[in-house]
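A structural walkthrough
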Amino acid sequence: MINTRFCSLLEIRHPIALGGMGGGATGAPLVAAVSNSGGLGILGTSGMDRAKLKSEVEAIRRATDKPFGINHLLFEVDEERFSVTLETKPAVASFAWARAEQDLRGYFDRAHQAGCKVMYMGGEVPETVRAAEAGADIIVAQGTEAGGHVVWMASMPLIPMVVDAVAPLPVLAAGGFADGRGLAAALALGADGILVGTRLLATHESPLHSNFKQAIVRSDGHDTVLTEIPDLASGRVWPGAMSRALRNDFIERWAGREWAVRRDQRAIAQAVAEARKRGDADNAPLFIGQDAGLIDAIKPAAEIVESMVSEAEQIIAEKLTKLVHRR
Ligand SMILES: Cc1cc2nc3c(=O)[nH]c(=O)nc-3n(C[C@H](O)[C@H](O)[C@H](O)COP(=O)(O)O)c2cc1C
């Protein structure tokens with residue numbers, strides 16, 4: 001077992017969290033599978049209405065009695081949806097992507113009053129310090145390798161910078177972590193665990209269409225791109241972010257013609273929704289991280305969590321200790 005401050009704070013077995021991925025990328029079966037395996041499942045809420053979120057939380061509670069989290073994107077936080085989190089009191093209220101003028105403390109205080117621990121994800125040191133000063137209990141440092149919305153700093157320098165800047169708060173490393181080698185590296189950089197997105201999308205319990213899961217398996221990790229095209233197509237203004245997506249036909253079609261995406265936004269959004277529905281992984285954005293190159297099979301989520309931990313244990317306890325020769 002690898003026990004970190006993150007595990008102790010939440011009374012869970014493994015220092016691994018599922019990223020609270022929105023837009024239908026997480027659902028009760030995946031969240032519950034990660035929590036049941038001893039990690040922390042987190043439900044993404046973007047795109048859900050109040051009724052859908054309530055029913056997902058009920059389904060999680062039917063499937064597990066272990067701690068789990070609910071994620072909100074702060075720049076588009078919706079009181080109807082946020083009130084479900086406050087009423088249902090998950091172990092963790094997780095947040096990301098606040099606008100510069102938003103009052104983090106107000107949201108964090110309300111989550112604390114509901115009995116939740118507060119997690120905040122940022123991709124730059126000042127953003128994580130802002131969350132620490134507003135009362136967050138856990139900080140996630142997300143490097144640009146990650147799937148979905150990201151900024152510019154890579155995990156390798158960002159994680160130790162954030163660990164130092166928000167000390168003594170526990171930090172999870174996110175962006176590029178897909179196996180036990182990544183977990184061991186994150187711990188060596190001073191993190192208390194990892195938050196995982198892409199690897200857990202290619203699981204049996206993931207709600208993605210199987211064609212999208214297969215596209216993750218096929219990706220060699222060199223074929224992702226930082227782009228604004230998915231946001232232009234959805235009409236959302238994401239504060240200060242690009243998104244990392246597979247460079248598929250959809251991205252190729254519009255790259256360099258972003259002006260045309262703005263012009264034809266409604267029609268493109270409609271075509272994307274239809275492509276998603278029919279599982280057409282070439283004609284809809286697929287948000288994946290560079291770590292897709294480490295993923296070669298669709299597996300049960302619990303198997304992934306367990307193998308990450310046992311591989312990291314083996315690296316730390318056997319491989320690395322043998323390298324140290326004290327005189
Ligand atoms: C499809 C997708 C949707 C995401 N949606 C959210 C979200 O709604 N809220 C959030 O905090 N992070 C979101 N993320 C980011 C993840 O929580 C996590 O930081 C990231 O996936 C970690 O990098 P990895 O994909 O290399 O594991 C999303 C990521 C992906 C791939």
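Since this is a predicted model, take the numbers as computed values, not measurements.

1. Focus on the overall build of the protein chain
Counting its secondary structure elements, the protein chain contains 15 helices and 11 strands. Here the C-alpha atoms of the protein chain give a radius of gyration of 19 Å, agreeing with the 20 Å that 2.2 N^0.38 yields for 327 residues. Taking the principal axes of its C-alpha atoms as reference, the protein chain extends roughly 65 × 45 × 40 Å. The burial tally for the protein chain puts 56% of its 327 residues in the buried class. Put simply, the protein chain shows about 14,100 Å² of open surface, and 52% of that area lies on carbon and sulfur atoms. Charged side chains of the protein chain number 35 positive and 40 negative; the gap between the two group centres comes to 1 Å.

2. As for the site of the ligand
Residues in contact with the ligand amount to 22 residues; listed here are only the nearest, N71, G176, G197, T198 and D291. Here a nitrogen atom of the ligand and a backbone polar atom of G22 are 3.1 Å apart. In this structure, a nitrogen atom belonging to the ligand sits 2.9 Å away from a side-chain N or O atom of N71. Taking 600 Å² as the accessible area of the ligand by itself, protein coverage stands at 93%. The set of elements that each furnish at least two residues to the shell around the ligand consists of β3 (68-73), β9 (193-196) and α9 (198-201). When its residues are assigned to classes, the shell around the ligand shows 10 nonpolar, 11 polar and 1 charged.

3. Details of the nonpolar core
One finds F95, F108, Y120, I194 and I216 to be the most contacted residues of the largest nonpolar core, which totals 87 residues. Per-element tally for this core: the top contributor is helix α15 (residues 301-323), with 7 residues. If you look at the next biggest cluster of nonpolar residues, it comprises 22 residues, including I12, M121, A174 and L195.

4. Quick look at the side chain of T4
Tracing the backbone through its elements, the reader meets T4 in the segment before α1 (5-10). With residues near it in sequence (within four places) discarded, T4 still touches P15, L187 and D192.

5. Some points on the packing of helix α8 (residues 180-188) against α15
At a minimum axis distance of 7 Å, the contact between α8 and α15 shows a crossing angle of 55°. It follows from the interaxial angle that α8 and α15 lie oblique. With respect to the hand of their crossing, α8 and α15 are arranged in right-handed fashion. Contacts between α8 and α15 involve G180, R181, L183, A184 and L187 on the former and, on the latter, M308, V309, E311, A312, I315 and I316. Tallied by class, residues from the contact of α8 with α15 come to 8 nonpolar, 1 polar and 2 charged.

6. Re the pattern of salt bridges
Enumeration over the complete set of coordinates arrives at 13 salt bridges. Between E101 and R99 there is a salt bridge, with the nearest N and O atoms lying 2.9 Å from each other. A salt bridge links R247 to E252; the nearest nitrogen and oxygen atoms lie 2.7 Å apart. Three or more residues joined by partner-sharing salt bridges are found here, namely D179, R181 and E311.

7. Observations regarding the packing of helix α6 (residues 125-133) against helix α7 (residues 155-166)
Two elements in contact, α6 and α7, have axes whose closest approach is 10 Å; the angle formed by their N-to-C orientations is 30°. Of the possible angle classes, the one that applies to α6 and α7 is roughly parallel. Handedness of the crossing formed by α6 with α7: right-handed. Between α6 and α7, the contacting residues are V125, T128, V129 and A132 on the first element and L158, M161, V162, A165 and V166 on the second.

8. Notes on the sheet that holds strand β4 (residues 92-96)
Strand order in the open sheet formed by 8 strands is β1-β9-β8-β6-β5-β4-β3-β2, and the pairing between neighbours is parallel. Among the strands making up the open sheet, the edge pair consists of β1 (16-18) and β2 (41-44). Strand-to-strand twist across the sheet, computed as the mean angle between neighbouring axes with direction ignored, equals 25°. When strand β8 (residues 171-174) meets β9, the two strands line up parallel, connected through 3 bridges. Bridging from a neighbouring strand, A174 pairs with L195 of β9. Relative to the sheet, helix α2 (residues 28-36) contacts β1, β2 and β3, its axis offset from that of β2 by approximately 160°.

The rules behind each value
Residues numbered from 1 in each chain as written. Predicted model: local features only at pLDDT ≥ 70, side-chain atom pairs only at ≥ 80, totals over all residues. Heavy atoms only, no water. Helix = DSSP H or I, 4+ residues; strand = E, 2+ residues; numbered from the N terminus. Rg over C-alpha atoms; globule rule 2.2 N^0.38 Å. Buried < 20%, exposed > 50% of the residue type's maximum accessible area, 1.4 Å probe, protein only. Areas by Shrake-Rupley, 256 points an atom, 1.4 Å probe, with all protein chains shown as cover. Lys, Arg positive; Asp, Glu negative; His and termini not counted. Charge placed at Lys NZ, Arg CZ, Asp CG, Glu CD. Near = heavy atom within 4 Å. Polar contact = N/O pair within 3.5 Å; in protein donor to acceptor, adjacent residues only side chain to side chain. Nonpolar A, V, L, I, M, F, W, Y, C, P; charged D, E, K, R; others polar. Core = buried A, V, L, I, M, F, W, Y, C linked by side-chain atoms within 4.5 Å. Contact = heavy atoms within 4.5 Å. Axes fitted to C-alpha atoms, helices over the stretch in contact; angles between N-to-C directions. Parallel < 35°, antiparallel > 145°, perpendicular 65-115°, else oblique. Left-handed = near helix turned anticlockwise from the far one by under 90°. Salt bridge = Lys/Arg side-chain N within 4 Å of Asp/Glu carboxyl O. Pairing = 2+ DSSP bridges.

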